[in-house]
Amino acid sequence: MTVQPRLDLDAVYGRMRDSLTPVEWKLIVPVVEEIHRLKAERNAVILAHNYMKPEIFHGVADIVGDSLALAQKAVGTEADVIVMAGVHFMAETAKVLNPHKVVLMPDMRAGCSLADSITAADVRALRAKHPGVPVCVYVNTSAEVKAEADICCTSGNAVKIVEAIAAETGSDSVLFLPDKYLAAYVQSQTKVKIIPFDGACEVHEQYSASDITSIRADYDGDITVIAHPECPSEVIGAADFAGSTAQMADFVAKEKPARVLLITECSMGDNLIAANPAVEFVRSCHMCPHMKRITLDNIAASLRTLEPRVEVPAHLIERSRASVERMLSVGR
Ligand code: SF4
């Protein structure tokens, strides 16, 4: 995770020069400057997910990272206003952890197919069907679903969390909801019996093992393939490494592969180029339509008006916060 410095236009453009032409940069400079000015006036902080476009990720964000990093950094921020450059469940998590702060979601339509795949009633029905089995929900869920869970997890800590909650409750199985592909990946890494649900990420499930085979053939095998664990098992099996977006970034920085294919959302590679100039990023990606609803223009508008705000009903805050904080406490 990186805490971005305050405005230095040359330095800012330097980090996105591989993704934006000088003309494109010139066109967005006024809104970038306005956002920085508004942030100072509002005492606001912008949290940006790794899937944000480079002009957001490198241009205006204060804190960047994966869902886990954003949740951790949302705790105890001294800002009065949090702008979530991500999707709705991330803004809800920020609100749950900072109930007295203003949390802005620049476009309320930025949802998530995983979060939409399960309801609180589904979780209650599964508990009734599997009495005594602890419930671990992916952070990509609504606050009302988190409120029904024993603990949350992210793709970066899922195995650790499943093993921790199983040990703590003395259970040999864990209900793992809602991503069936992440559930299969966790099952491949642990002896705890995973009981899955039928959710999926509409972006990562589009990949197939044959995509990887054909790209490897294009480069005579001279390419390192890294897949997100929200991908189908056959894709993870065909990759060289699987990990969350933060783990992907760490892998690239540490291993410095000459050429890499990231099997995840398109902006991930764009955002890693600046920190890894010697690595060739091969582009074959799928875009998340929800993440792409967040733009510089709607970030600026939300800071101007302090709307739209994400609110979480008081009766859900305490229970959903308990499952998020239980996750954050594992490994502390
Ligand atoms: S990439 Fe998939 S999991 Fe992430 S926000 Fe988009 S739909 Fe949800």
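The name recorded for the chain in an unreviewed UniProt entry is Quinolinate synthase, from Novispirillum itersonii. Note on the chain: under the UniProt heading Pathway (unreviewed entry), the record states "Cofactor biosynthesis; NAD(+) biosynthesis; quinolinate from iminoaspartate: step 1/1." The heading Cofactor (unreviewed entry) in the UniProt record of the chain holds the text "[4Fe-4S] cluster".

Asker: Go over the state of the cysteines with me, naming the residues and quoting the values.
Answerer: Under the defined criterion, the tally for this structure stands at 1 disulfide. Take cysteine 153: it sits in no disulfide, and the sulfur closest to it among the cysteines is that of cysteine 136, at 3.7 Å. On the basis of relative accessibility, which here comes to 0%, the residue cysteine 153 falls in the buried class.

Asker: An account of unusual backbone geometry is requested, with residue identities and associated values reported.
Answerer: Backbone torsion omega between leucine 177 and proline 178 reads -5°, so that peptide bond is classified as cis. With respect to the helices, strands and loops of the structure, proline 178 is situated in the loop between β8 (173–177) and α9 (180–189). Cis geometry is adopted by the peptide bond preceding proline 308, which originates at glutamate 307 and carries an omega value of -10°. Its location among the elements puts proline 308 in the loop between α14 (296–305) and α15 (314–329). Located in the positive-phi region is lysine 256, a residue other than glycine, with phi close to 45°. On the secondary structure map, lysine 256 appears in the loop between α12 (245–255) and β12 (259–263). If you check the backbone angles, leucine 306 has positive phi at about 55° while not being a glycine. Its location among the elements puts leucine 306 in the loop between α14 and α15.

Asker: Describe the nonpolar core, with residues and values.
Answerer: With 117 residues, the main nonpolar core has Trp25, Ile35, Ile56, Phe176, Ile263 and Ile299 as its most contacted residues. Here the element with the most residues in this core is helix α2 (residues 22–42); it accounts for 7 residues. In this structure, Ala143, Ala147, Val312 and Leu316 belong to the second largest nonpolar core, which totals 6 residues.

Asker: Help me get a handle on the packing of helix α1 (residues 9–16) against α2, residues and values and all.
Answerer: Their axes nearest at 11 Å, the elements α1 and α2 cross at an angle of 130°. What the angle tells us is that α1 and α2 run oblique. The element α1 and its partner α2 pack so that their crossing is right-handed. Contacts between α1 and α2 pair Leu9, Val12, Tyr13 and Met16 from the former with Pro22, Trp25, Val29 and Glu33 from the latter. Grouping the amino acids of the contact of α1 with α2 by side-chain chemistry returns 7 nonpolar, no polar and 1 charged.

Quick notes on the rules
Residues numbered from 1 in each chain as written. Predicted model: local features only at pLDDT ≥ 70, side-chain atom pairs only at ≥ 80, totals over all residues. Heavy atoms only, no water. UniProt positions renumbered as here; feature names shortened; annotations may be inferred. Disulfide = S-S within 2.5 Å. Buried < 20%, exposed > 50% of the residue type's maximum accessible area, 1.4 Å probe, protein only. Helix = DSSP H or I, 4+ residues; strand = E, 2+ residues; numbered from the N terminus. Core = buried A, V, L, I, M, F, W, Y, C linked by side-chain atoms within 4.5 Å. Axes fitted to C-alpha atoms, helices over the stretch in contact; angles between N-to-C directions. Parallel < 35°, antiparallel > 145°, perpendicular 65-115°, else oblique. Left-handed = near helix turned anticlockwise from the far one by under 90°. Contact = heavy atoms within 4.5 Å. Nonpolar A, V, L, I, M, F, W, Y, C, P; charged D, E, K, R; others polar.

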